[in-house]
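Per-entry structural report
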Amino acid sequence: MRQVPLRRCGLLFQPRCSRALASSAPLEGHHYDMLSRPVTIFSDDEQMVRDMAKRWAQEELKPLVRDMDNEGAIRPEIVNGLFQCGLMGMEIPEEHGGAGLSFTSACLAVEEISRVDPSVSIMVDIHNTLTNNAVRFWGSPELQKKWLPRLASDTVSSFCLSEAGSGSDAFAMKATATPSSGGSYYTLNGTKLWISSAKEAGVFLVFANADVSKGYKGITAFMVDANTPGITVGSPEKKLGLKASSTCPLILEDVRVDAADVLGEVGVGYKYCINILNEGRIGIAAQQLGIAKGTFDIALPYIYERKQFGKAIGEFQGLQHQVAQVATEIYAVETMVYNACRLKEAGLPFVKEASMVKLFSSQVAERAASKSIEWLGGIGFTQDLMAEKFYRDCKVGSIYEGTSNIQLQTIAKLIQAEYK
């Protein structure tokens, strides 16, 4: 198999298999086959991705995090670095310029980048787990040939679903896609809100209704080039957290889109949306896991160095117990994240597990961030450390890609179905 270089990151990556369950060299003294390996033991390819993402985040991203947060924008060199390292085409097949890796690999990259800056990790997450995979799963061969090489090499994408009146009730959208008389193109009109990476995007995956008379069964997905006339990206929202990530309205005014740019089948967009967001929730959980670990990276060295009453504050039992509790919860999230990844990759049901880990990870990230600030004391409340940024960044985890109440409802329905 040809080598796929991760150019800027100084690693030469040789995928042996595009499936996550490819066997890897066992740890010394241990023998794992593809069915019995623990979910937190990764293949050589996956571990290499993790190591590369971690090194890039520490060396290239970390020095710019505070400045980007203050500026409210991701620096172009960071976006370019993501592409140069192969982090934006993780699951895209090699024949389309991607790395042909696993879903687990993508989540590992999201986790490690989130450990340094969640604003950058959300760009990586949405691009890989939503847009790229939607094109891979349902795009025509022509659409894949058109977009996958660009998505892997230089074109950021945005996922455009939410509107003013359609948040949790996503299919109440008002955006329309009116077919031409001959059916050769569609005219899109409407306004999408809360669109992540909208300022950087070169393509928008837009959901609009092509036949309002059919209700949600008219919803259709379109791949829309950002340079198409009639598209306006509004000013970025001023947010509590994830400030460097551009979150903007997208206004569509008589935007003409060729029928060839329809993703999948007309009127089936609602199914694609449901299916891809189920996967996306695992990616969000990986982001929240990274946030929780990132807070520990800041707080724990401090509590073992800071002395009061003649000893390190981390040696007092009251603090030790708090650390142990949060560490246990972080480990539980990690196990849940990568178990959900393996279920998905094995073609097994994973919707309940995805909702559970999305719900729980947001709770644990928020608790870890809050506790870390308490452990740090006064300095944790300042911008001298990044703990306050993680605290701000984690809150949206209980909101986007399905609120916590929506996750609870999904979990409850699936449990009810198991016992009825």
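Above this text is the structure in question.
Quick caveat, the model's predicted, so the values are computed rather than measured. (Residues numbered from 1 in each chain as written. Predicted model: local features only at pLDDT ≥ 70, side-chain atom pairs only at ≥ 80, totals over all residues. Heavy atoms only, no water.)

1. Let's talk about the side chain of Ser361
Along the chain, the position of Ser361 falls in helix α9 (residues 351–376). A distance of 3.1 Å separates the side chain of Ser361 from the backbone oxygen of Lys358, its partner in a polar contact. Leaving out residues up to four positions away in the same chain, Ser361 has contacts with Ala285, Gln288 and Val333. (Helix = DSSP H or I, 4+ residues; strand = E, 2+ residues; numbered from the N terminus. Polar contact = N/O pair within 3.5 Å; in protein donor to acceptor, adjacent residues only side chain to side chain. Contact = heavy atoms within 4.5 Å.)

2. A closer look at helix α1 (residues 44–61)
Look at α1: 24 Å from first C-alpha to last across 18 residues, which is about the 26 Å you get at 1.5 Å a residue. Restricting attention to buried positions, one finds in α1 the residues Asp45, Glu46, Val49, Arg50, Met52, Ala53, Trp56, Ala57 and Leu61. (Expected span 1.5 Å × (residues − 1). Buried < 20%, exposed > 50% of the residue type's maximum accessible area, 1.4 Å probe, protein only.)

3. Focus: the pattern of salt bridges
Within the structure shown, the criterion is met by 27 salt bridges. The salt bridge partner of Arg75 is Asp67, with a shortest N-O separation of 3.9 Å. Since its relative accessible area comes to 22%, Arg75 is described here as partly exposed. Taking relative accessible area as the criterion, Asp67 reaches 36% and is therefore assigned partly exposed. Salt-bridge contacts for Arg136 lead to Glu91; the nearest nitrogen and oxygen are separated by 3.3 Å. Here Arg136, found in helix α5 (residues 118–138), pairs with Glu91, found in the loop between α3 (76–84) and α4 (103–114); they are 45 residues apart in sequence, far enough to count as distant. Looking at Arg136, the relative accessible area reads 23%, which means it is partly exposed. (Salt bridge = Lys/Arg side-chain N within 4 Å of Asp/Glu carboxyl O.)

4. Describing the packing of aromatic side chains
By the definition in use, this model includes ten aromatic pairs. The structure contains a cluster of three or more aromatic residues connected by ring pairs, namely Phe137, Trp138 and Tyr272. The positively charged end of Arg256 is found above the aromatic ring belonging to Tyr185, 3.8 Å away from the centroid. Positioned over the ring face of Phe103 is Lys344, at 4.9 Å from the centre of the ring. (Phe/Tyr/Trp six-rings, centres within 6.5 Å; stacked < 30°, edge-to-face > 60°. Lys NZ or Arg CZ within 6 Å of the ring centre and 35° of its normal.)

5. Digging into the nonpolar core
One recurring pattern in soluble globular proteins: nonpolar side chains tend to sit buried together. Counting residues in hydrophobic clusters, the biggest one holds 70 residues, and the most contacted among them are Trp56, Leu61, Leu87 and Val337. What Leu61 contacts, discounting residues up to four positions off in sequence, is Trp56, Met68, Ile78, Ile113, Val116, Asp117 and Val120. By size, the runner-up hydrophobic cluster in this structure holds 29 residues, among which are Val135, Trp147, Leu148 and Leu242. (Core = buried A, V, L, I, M, F, W, Y, C linked by side-chain atoms within 4.5 Å.)

6. Observations concerning helix α7 (residues 269–303)
For α7, with 35 residues, the first-to-last C-alpha span of 50 Å sits near the 51 Å given by 1.5 Å per residue. For α7, the principal kink sits at Asn278 and spans about 25 degrees. Taking burial as the measure, the 35 residues of α7 include 29 buried ones, the bulk of the element. (Bend = angle between axes of the 7 residues up to and from the residue.)

7. Examining the pairing of strand β6 (residues 201–209)
The element β6 is extensively covered by neighbouring structure, given that nine of its nine residues are classed as buried. The pairing of strand β3 (residues 156–160) with β6 spans five bridges and is classified as parallel. Among the inter-strand pairings, Ser158 is bridged to a residue of β6, identified as Phe204. (Pairing = 2+ DSSP bridges.)

8. Regarding the state of the cysteines
Summed over the entire model, instances satisfying the criterion amount to zero disulfides. Looking at the unpaired Cys160, the closest cysteine sulfur is the one in Cys248, lying at 10 Å. Relative accessible area serves as the criterion here: at 0%, Cys160 is assigned to the buried category. A relative accessible area of 0% places Cys248 in the buried class. (Disulfide = S-S within 2.5 Å.)

9. As for the pairing of β3
Here β3 lies mainly inside the structure; five of its five residues are buried. Of the two faces of β3, both are covered, the one formed by Val156, Ser158 and Cys160 as well as the one formed by Ser157 and Phe159.

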